[in-house]
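# Per-entry structural report
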Amino acid sequence: MPGVRDISAEAFIAAYSSHLKRSGKLEVPTWVDIVKTGAYKELAPYDPDWYYVRAAAVARHIYLRKDVGIGALKKLHGGRNRRGNRPSHHGDASASVQRKICQSLEKIGVLELSANGGRRISQDGQRDLDRIATAVVETEREEEDEEEDEEAEEEEE
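Cut-offs used in this document
- Residues numbered from 1 in each chain as written.
- Predicted model: local features only at pLDDT ≥ 70, side-chain atom pairs only at ≥ 80, totals over all residues.
- Heavy atoms only, no water.
- Helix = DSSP H or I, 4+ residues; strand = E, 2+ residues; numbered from the N terminus.
- Buried < 20%, exposed > 50% of the residue type's maximum accessible area, 1.4 Å probe, protein only.
- Lys, Arg positive; Asp, Glu negative; His and termini not counted.
- Salt bridge = Lys/Arg side-chain N within 4 Å of Asp/Glu carboxyl O.
- Expected span 1.5 Å × (residues − 1).
- Pairing = 2+ DSSP bridges.
- Contact = heavy atoms within 4.5 Å.

## Description of the side chain of Arg 60
Structurally, Arg 60 can be placed in helix 2 (residues 50-64). Look at Arg 60: it is buried, it has no salt bridge, and the nearest opposite charge is Asp 6 at 9.8 Å.

## Let's talk about the pattern of salt bridges
Across all of its chains, the model carries 6 salt bridges by this definition. Here Glu 27 and Lys 107 are joined by a salt bridge, their closest N and O atoms 3.4 Å apart. Placement of Glu 27 in the loop between helix 1 (9-23) and helix 2 and of Lys 107 in helix 4 (residues 95-107) is noted, with a sequence separation of 80 residues between them. For Lys 107, a relative accessible area of 60% corresponds to the exposed category.

## Here we look at helix 2
For helix 2, built from 15 residues, the straight-helix expectation of 21 Å at 1.5 Å per residue is met to within 8% by its first-to-last C-alpha distance of 21 Å. Of all 15 residues in helix 2, 13 are buried; the element is thus mostly enclosed.

## Side note on the pairing of strand 2 (residues 86-91)
Of the strand pairs in this sheet, strand 1 (residues 79-83) and strand 2 are connected by 4 bridges, and their pairing is antiparallel. Counted as the bridge partner of Arg 80 is His 90 from strand 2. Taking the residues between adjacent antiparallel strands as the criterion, strand 1 and strand 2 are bridged by 2 residues, where Gly 84 takes a positive phi near 75°.

## Comments concerning the environment of Asn 81
Here Asn 81 shows up in strand 1. Spatially, the C-alpha atom of Asn 81 lies 5.1 Å from that of Tyr 40, the residues being 41 residues apart in sequence. The residues contacting Asn 81, other than those within four sequence positions of it, are Tyr 40, Ser 88, His 89, His 90 and Gly 91.

This is the structure in structure tokens:
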């Protein structure tokens, strides 16, 4: 059975974020349309669904590792802090955004607090993520089969 490790990050995150949005269970804060995702950013994200995408990325990241804290997520989702004519450095993402995403995922049962500190994936969350990954693999196979059928029809002509 294919898991989260077996498919590309981009395909999984897109599928899981759309699943989170469709389910409507993920609690989205009221400030998501005006907040910046880091102190080094100039503007808020253009994508109105960025919170779901970030939540899917966080869930995948924690699935692939054991215990992940907010500091590790800050570093992961950080970016280049452009400092004018001085050299650029890495800037961490907003800890508040990472924390709220983890809390939202905890409320729907995907994550749980770890005894060692940080958060880890729950059994229900692991089952959900594996189910989404299997669905993505199946849709990719169906698309490949359709393309092969079309190519075979073109060769016959």
